Amino acid sequence: MSLSKWFGSGARLTQRLGNAQQRLALLFTRGELVGRDDLGNQYFRRMEYDPDLGVDKEQRWMKSPRGHNHVYNYDPSRTPVEWTGWLRGARSEPPTEQEIKQNAVYRSQMKLQVDDLKQREARRRRIKAEEEAEGEREAEEETLTLGETEYWSPGGGK
């Protein structure tokens, strides 16, 4: 029996192997659940001895909800900024619920301010375009008026 008969072929085979690898990794790697986010991601850490450095090092990782586990389904934008900083070691402690809520409120306020600025800029550009169009119409009318009533002759007479 070939592998393609049992697993399927192509992307399906890759997905099944990836899922199997993740299940095995979870069985053999035990870690402390540090927290969860609103998207269903779970964050873990484990202390592990590093023989090269001779010290304990903290390993941190994230488990996405089912359906997003596979490497081809992973979308980095699904990881909140606070947790990304913790995963990369930019911060020593995981984010608290209060901090996550404060940052969400701040982001929503910033989004409102950006939307307001975009509206103001669109209005300013529309007014400027209308003023330029009006100025062009006035210049055109002035040129037509001068052309109809007055004309220049070399002798200065009419």
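Residues numbered from 1 in each chain as written. Predicted model: local features only at pLDDT ≥ 70, side-chain atom pairs only at ≥ 80, totals over all residues. Heavy atoms only, no water.

Undergrad: Whenever I open this one, the sheet that holds strand 1 (residues 32–36) confuses me. Can you help?
TA: Hydrogen bonds along the backbone pair up the strands of a sheet, which may run parallel or antiparallel. The strand order across the open sheet formed by three strands is 1-2-3, and the pairing between neighbours is antiparallel. The strands lining the two open edges of the sheet, one partner per strand, are strand 1 and strand 3 (55–63). Averaged over all pairs of adjacent strands, the angle between their axes in this sheet comes to 30 degrees, without regard to strand direction. (Pairing = 2+ DSSP bridges. Helix = DSSP H or I, 4+ residues; strand = E, 2+ residues; numbered from the N terminus. Axes fitted to C-alpha atoms, helices over the stretch in contact; angles between N-to-C directions.)

Undergrad: Just checking my understanding: could you explain the pairing of strand 1 for this structure?
TA: Two faces belong to every sheet, and in a regular strand the side chains alternate between them. Where strand 1 and strand 2 (residues 42–50) come together, four bridges link them in antiparallel fashion. Opposite E32, over in strand 2, you have R45 as the bridge partner. Connecting strand 1 to the antiparallel partner strand 2 that follows it, the hairpin turn spans five residues, and G40 within it adopts a positive phi of roughly 95 degrees.

Undergrad: Where do I start with the environment of M47 in this structure?
TA: In this structure, M47 sits in strand 2. Between the C-alpha atoms of M47 and G31, which are 16 residues apart in sequence, the distance is 8.3 Å. Every residue in contact with M47, bar those within four places of it in the chain, is listed here: D56, K57 and E58. (Contact = heavy atoms within 4.5 Å.)

Undergrad: So what exactly am I meant to see when it comes to the packing of aromatic side chains here?
TA: Describing an aromatic ring pair means giving the distance of the ring centres and the angle of the ring planes. Counted under the stated rule, the structure contains three aromatic pairs. Arranged with centres 5.7 Å apart and planes meeting at 15 degrees, the rings of F44 and W61 form a pair that is stacked. Residue F44 is found in strand 2, and its partner W61 is found in strand 3; the two are separated by 17 residues along the sequence. An angle of 90 degrees between the planes, with centres 5.7 Å apart, marks the rings of W83 and W86 as edge-to-face. Separated by three residues within a single helix, W83 and W86 lie in helix 3 (residues 81–87), roughly one turn from each other. Take W83 and W86: they sit in the same class, and that class is buried. (Phe/Tyr/Trp six-rings, centres within 6.5 Å; stacked < 30°, edge-to-face > 60°. Buried < 20%, exposed > 50% of the residue type's maximum accessible area, 1.4 Å probe, protein only.)

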